[in-house]
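# An overview of the molecular structure
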Amino acid sequence: MEHQTLYERIGGDAALRQLTDKFYDQVFEHELISRLFKTDKDLIKEKQRLFLTQFLGGPQLYSEVYGHPMMRARHMPHTITEDDAVAWLQCMASAVESLSLPEELKNELFDRFPRTAFFMVNS
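- As recorded by an unreviewed UniProt entry, the chain carries the name Hemoglobin and is attributed to Dyadobacter jiangsuensis.
- The annotation that UniProt attaches to the chain under Sequence similarities (unreviewed entry) is "Belongs to the truncated hemoglobin family. Group II subfamily."

Structure below.
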């Protein structure tokens, strides 16, 4: 049996597009973290989709376009607190929950995010 990546198991690009749409619908309106997302909203969503594709075991799309993700370095210019990370995770949890996936797969997907979210905290 061939091993499928998490990217493949959640439904690939279609699922990630849905996830990023639901996620950013919340983030762009969130009173605490919307301040972190003031540039081109379509570009922000596209970068997230490319990154998540790679992060979840799909094609290395982000690296092909932007180089190595270096996510902490890319986020350093922004003040990110633990409260921001929690708010980000709450938005992501809601977006993951909106996907039509089995609960165990939703849990596996969400479990990929907390460590990375708190790694971005710099203040």
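### A short note on the environment of Ala15
- Locating Ala15 in the fold gives a position in helix 2 (residues 12–27).
- Judged by its relative accessible area of 8%, Ala15 is buried.
- Expressed as a C-alpha distance, the spacing of Ala15 and Val96, which sit 81 residues apart in the sequence, is 9.7 Å.
- Every residue in contact with Ala15, bar those within four places of it in the chain, is listed here: Ile10 and Leu99.

### With respect to the layout of surface pockets
- Within this model, the largest pocket holds a volume of roughly 770 Å³.
- Put simply, the parts of the chain that give the lining of the largest pocket at least two residues each are helix 3 (41–55), helix 5 (71–75), helix 6 (82–97) and helix 8 (114–119).
- No other element matches helix 3, which puts seven residues into the lining of the largest pocket.
- The residue makeup of the lining of the largest pocket, split by class, is 17 nonpolar, five polar and five charged.

Rules used in this analysis
- Here the residue index of a chain counts from 1 through its sequence in written order.
- The predicted origin of the model limits local features to residues at a pLDDT of at least 70 and limits the giving and counting of side-chain atom pairs to 80 or more, whereas totals for whole chains, interfaces and linings rest on all residues.
- Note that water and hydrogens are dropped before the side-chain values are worked out from all heavy atoms of the structure.
- UniProt positions are given in the numbering used here, feature names are shortened, and annotations may be inferred rather than shown by experiment.
- Where helices and strands are cited, they refer to DSSP runs of H or I of at least four residues and of E of at least two residues respectively, numbered from the N terminus.
- Accessibility here uses a 1.4 Å probe with only protein chains present; expressed as a share of the type maximum, an area under 20% marks a residue as buried, one over 50% as exposed, and anything in between as partly exposed.
- The contact criterion used throughout is that any non-hydrogen atoms of two residues lie within 4.5 Å.
- A cavity, in this analysis, means grid points on a 1 Å lattice covering only the protein atoms where a 1.4 Å probe fits yet has no way out; a pocket is instead an open set bounded by protein on both sides within 12 Å along at least five of seven lines, and a residue lines either one if it has an atom within 4 Å of a point.
- Grid points are joined across faces, edges and corners, and a volume is the space filled by probe spheres set on the points.
- Each residue is assigned to one class: nonpolar for Ala, Val, Leu, Ile, Met, Phe, Trp, Tyr, Cys and Pro, charged for Asp, Glu, Lys and Arg, and polar for all the others, Gly among them.

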